[in-house]
Each structure stands twice: as C-alpha cells, then as structure tokens.
Amino acid sequence: MPSNDTIRTQLNHRTIRAFTADPVAPEVLDTLMEVVTAAPTSSFYQQRTVIRVVDPAIRQAVYEASGQPYVGGDRGELLIFVVDLYRNARIREEAGVEVRVLESTALFLQGVEDTLIAAQNLVVAAESLGLGTVYLGSIGGDSKLLIDALKLPLRTFPLVGVLVGHPAQEPALKPRLPREITVATDTYPLLENVHESLADYDQVVKTYYDLRDSSKPVDTFTRQIETKPGGGRAEKAPVREVLDVQRLALY
Ligand SMILES: Cc1cc2nc3c(=O)[nH]c(=O)nc-3n(C[C@H](O)[C@H](O)[C@H](O)COP(=O)(O)O)c2cc1C
C-alpha cells in the first residue's frame, strides 16, 4: 500500500484526552490556525469562525457546557469551531440584499461542512506535529451557555470544540467497522443481518482497552448502538430551539 507521512499520521489517529502541562508553542498554534484557514470551503462562502479560548472564566463555561473533565483546568489549547453565517449576512445587509437565503437548511449544512472540514484540517496537522487532540461535540450539551459566554451573534452556532496539546497518554488504536461494510462501489452495501455481519467486529471491539474507564470492559459495537444513542447530554439538547433563536436552518 502506498504511504507517506500524511497517510501514516491519519492511520495512526487516536483521540487524546490527557495532556501534559507543556503549552502548545505560539508558532505551532499559528501554523495550526493557518491550516484551519486554508481548508476547503463550500461555494467559497467561508462560513466558519474559530475562537481560541484563553480566559479561564470562558473556559469554565465551555467545561460546564461539555461536562467533560479534561476541558476543565488549563491543559491544552481550547478551540471552538463556530458555524458562521453572520459575517455573510452582514455583507448582504450592508449591500441592501435580502438575507433570507442564509436561513435555509441547505446553507446551514454548508456552514457545518465548512466548520468540520476546518477542524479536521487542524486535527491532522496537529497530529502530524506529534500533538494530540480531542473533539468536543459535547459542547452541544449547553449551546446557549456557550453562545452567551463567547458572545456569538445571530446566525452562528458553536458546533464542536477541539482541545489540542502534548499527549500525556498512549491509547490503543480504536478498531473501526470493516471496510467491506462501510465502503462500497456504485450502490449501498445492504446487509441481510447486521448483527451477524458484525459478529467478528463485535469481538474485536470487546478487546479494545478504553483508557476512559479501564475498570469496565468495552461493550460490543452492536451493544453500544443498542444502548447509547440519545442518552448523552448533547444528544438530548434542544438544538432545534437554539437554531430557531439563532435564525439558522429555518426552512
Ligand atoms: C464530531 C466529534 C465529536 C466528538 N466529541 C467528543 C467529546 O465530546 N468528548 C470526547 O471525549 N470525545 C469526543 N469525540 C471523540 C470520539 O469519541 C472518538 O473519535 C471515537 O471514540 C473514536 O476514537 P479515536 O478517535 O481514538 O479513534 C468526538 C469525535 C467527533 C468526530
């Protein structure tokens, strides 16, 4: 299989949830922000903004929104990736052009795409420099709190956070679903019985050693899907209400 440093970095990906006290050097952070800026952007609309959190009071708000212990304290750089249709709304308002088009679900999804692609650009670059990262979808546990703390205007939404820092742990690679099931050619790879098709994978997942709770064996994948979705705070959050207030994805 052809390989290079980029591919090796990507194949070696694992989420890091513990960081040393060493700060990310300013020039490294600068490079990472440049990489964020260079990411592809749907229709060249550039509907994303990244906010670096340095104020401990604001970090505390992010910690409360996310409920994740590693967000508290001061380890790692904390970045919030914001879907941003505000800037383009301002451009249109200043020009006297209607802004309703920016309130569609299609345009919001484009903003989500832009925002996540920028975040993943940062993750790959950070890992290629030997840093570790953790995405924080959990900030969705209280979007309203974050919108207030970060003073986010209408037409913006805090989609994910990313903590980046020097790793203080070495988690095992987390096994993914087999490619025969997740990658197809031409048409969707329908399965007759999903549990049966995933039986081997279920056993592989069971042997994965999760640093988050080493006292407990990891459930099989199918068991996780049977029990977890909809249970987390961010998964129960009133996203629709927040989007309505923010004037996003209204139709
Ligand atoms: C969009 C997104 C949001 C995530 N949010 C969280 C989070 O809030 N907290 C966390 O500990 N991990 C979070 N993760 C990390 C996943 O749990 C992790 O990627 C997954 O378990 C696979 O493990 P690995 O990245 O080590 O291979 C998130 C990942 C993604 C892609």
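All values derive from a computational prediction rather than experimental measurement. (Residues numbered from 1 in each chain as written. Predicted model: local features only at pLDDT ≥ 70, side-chain atom pairs only at ≥ 80, totals over all residues. Heavy atoms only, no water.)

Caption draft 1: Spatial organisation of the pairing of strand S3 (residues 132-136). Of all the five residues making up S3, four are buried; the element is thus mostly covered by neighbouring parts of the structure. In this structure, S3 lies alongside strand S4 (residues 156-165), joined through five bridges in antiparallel fashion. What sits directly across from Thr 133, in S4, is Val 164. (Buried < 20%, exposed > 50% of the residue type's maximum accessible area, 1.4 Å probe, protein only. Helix = DSSP H or I, 4+ residues; strand = E, 2+ residues; numbered from the N terminus. Pairing = 2+ DSSP bridges.)

Caption draft 2: Geometry of the packing of aromatic side chains. By the definition in use, this model includes two aromatic pairs. Ring geometry for Phe 108 against Phe 157: centres 6.3 Å apart, planes inclined by 75 degrees, an arrangement best described as edge-to-face. With Phe 108 in helix H5 (residues 105-128) and Phe 157 in strand S4, this residue pair connects regions lying 49 residues apart in the sequence. Phe 108 gets classed as buried once you look at its relative accessible area, which sits at 10%. Given a relative accessible area of 7%, Phe 157 falls into the buried group. Across the ring face of Tyr 251, the terminal group of Arg 100 is positioned such that the distance to the ring centre comes to 4.3 Å. (Phe/Tyr/Trp six-rings, centres within 6.5 Å; stacked < 30°, edge-to-face > 60°. Lys NZ or Arg CZ within 6 Å of the ring centre and 35° of its normal.)

Caption draft 3: The sheet that holds S3, seen in detail. Here we have four strands laid out as an open sheet, ordered S1-S2-S4-S3, and antiparallel in their pairing. In this open sheet, the two strands that pair with only one neighbour each are strand S1 (48-53) and S3. Taken pair by pair, the neighbouring strands of this sheet meet at an average axis angle of 25 degrees, ignoring direction. Contacts from helix H2 (residues 26-38) reach S1, strand S2 (77-84) and S4, with the element oriented near 165 degrees to S1. (Axes fitted to C-alpha atoms, helices over the stretch in contact; angles between N-to-C directions. Contact = heavy atoms within 4.5 Å.)

Caption draft 4: Region of interest: the site of the ligand. In the vicinity of the ligand there are 14 residues, among which His 13, Thr 15, Arg 17, Gln 68 and Tyr 70 approach most closely. Lys 174 has a polar side-chain atom sitting 2.8 Å from an oxygen atom of the ligand. Cavity membership is defined here by more than half of the atoms lying within 2 Å of grid points; on that basis the ligand lies in the largest pocket. Within the shell around the ligand, the residues separate by chemical class into four nonpolar, five polar and five charged. (Near = heavy atom within 4 Å. Polar contact = N/O pair within 3.5 Å; in protein donor to acceptor, adjacent residues only side chain to side chain. 1 Å grid on protein atoms, 1.4 Å probe; cavity = no way out; pocket = protein on both sides within 12 Å on 5 of 7 lines; lining within 4 Å. Sits in = over half its atoms within 2 Å of the grid points. Nonpolar A, V, L, I, M, F, W, Y, C, P; charged D, E, K, R; others polar.)

The values are spatial; any link to function lies outside them.
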